[in-house]
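Structure at a glance
Each chain is listed here by its residues.
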Amino acid sequence: KDSPRLEMVKGSIYTHQLLGILLYILPNLKRSTRIKFMTMFCEKINEFEDFETNPYVLEYLKELHLSKLISYIKNMEIQKLDLYLKIKMM
């Protein structure tokens, strides 16, 4: 069994691998390209069994005040996701 510290590091890596593209790369793209890649992102991330319940993901989004992201991703609400990120990441 991993130590609590190692578990936290693994959780942090997992979280940033899952959300890094969405939070840090896609917002800087042209809108049409951004929407296309957000759709692809949501399709892929919805294949993960635990992304919406993972405590590290939930805590990270809570700290960034981005808790609604989970719902938008899960329900493939791309337009809402795009607008939400645009407002929150300013």
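Everything discussed here concerns the structure shown above.
Figured I'd write up the structure that's included with this text. (Residues numbered from 1 in each chain as written. Predicted model: local features only at pLDDT ≥ 70, side-chain atom pairs only at ≥ 80, totals over all residues. Heavy atoms only, no water.)

**Remarks on the packing of helix α1 (residues 4-25) against helix α2 (residues 31-45)**
The description of two packed helices rests on the angle between their axes and on the distance between the axes. As a packed pair, α1 and α2 sit with axes 11 Å apart at the nearest point and diverge in direction by 165°. If you check the angle between α1 and α2, you find them roughly antiparallel. Here the hand of the crossing between α1 and α2 comes out left-handed. Note on element contacts: α2 touches α1 through M38, F41 and I45, opposite L18, L19 and L22. (Axes fitted to C-alpha atoms, helices over the stretch in contact; angles between N-to-C directions. Helix = DSSP H or I, 4+ residues; strand = E, 2+ residues; numbered from the N terminus. Parallel < 35°, antiparallel > 145°, perpendicular 65-115°, else oblique. Left-handed = near helix turned anticlockwise from the far one by under 90°. Contact = heavy atoms within 4.5 Å.)

**Points about the side chain of N54**
Looking at the element boundaries, N54 is found in the loop between α2 and α3 (55-63). Among the polar contacts listed, one links the side chain of N54 to the backbone nitrogen of V57, at a separation of 3.1 Å. (Polar contact = N/O pair within 3.5 Å; in protein donor to acceptor, adjacent residues only side chain to side chain.)

**Description of a nonpolar patch on the surface**
A cluster of nonpolar side chains, contributed by I21, Y24, I25, L64 and M89, occupies part of the molecular surface with about 430 Å² of accessible area. Relative to the assigned elements, L64 resides in the loop between α3 and α4 (69-74). Judged by relative accessible area, which is 34%, L64 ranks as partly exposed. (Patch = residues over 30% accessible without salt bridge, like charges linked within 9 Å, V, L, I, M, F, W, Y side chains within 5 Å. Areas by Shrake-Rupley, 256 points an atom, 1.4 Å probe, with all protein chains shown as cover. Salt bridge = Lys/Arg side-chain N within 4 Å of Asp/Glu carboxyl O. Buried < 20%, exposed > 50% of the residue type's maximum accessible area, 1.4 Å probe, protein only.)

**Overview of the packing of aromatic side chains**
Applying the stated criterion across every chain yields a total of two aromatic pairs. Their ring planes at 70° and their centres at 6.5 Å tell us that Y14 and F48 sit as a pair that is edge-to-face. Taken as a pair, Y14 in helix α1 and F48 in the loop between α2 and α3 lie far apart in primary sequence, 34 residues in all. Taking relative accessible area as the criterion, F48 reaches 40% and is therefore assigned partly exposed. When the centroid spacing of 5.5 Å and the interplanar angle of 80° are considered together, the rings of Y72 and Y84 count as edge-to-face. A residue pair is termed long-range when its members are at least 10 positions apart, and Y72 in helix α4 and Y84 in helix α5 (residues 78-88) qualify at twelve residues. Exposure class is identical for Y72 and Y84. Each is buried. Just above the ring of F37 sits the side chain of K36; from NZ or CZ to the centre is 5.5 Å. (Phe/Tyr/Trp six-rings, centres within 6.5 Å; stacked < 30°, edge-to-face > 60°. Lys NZ or Arg CZ within 6 Å of the ring centre and 35° of its normal.)

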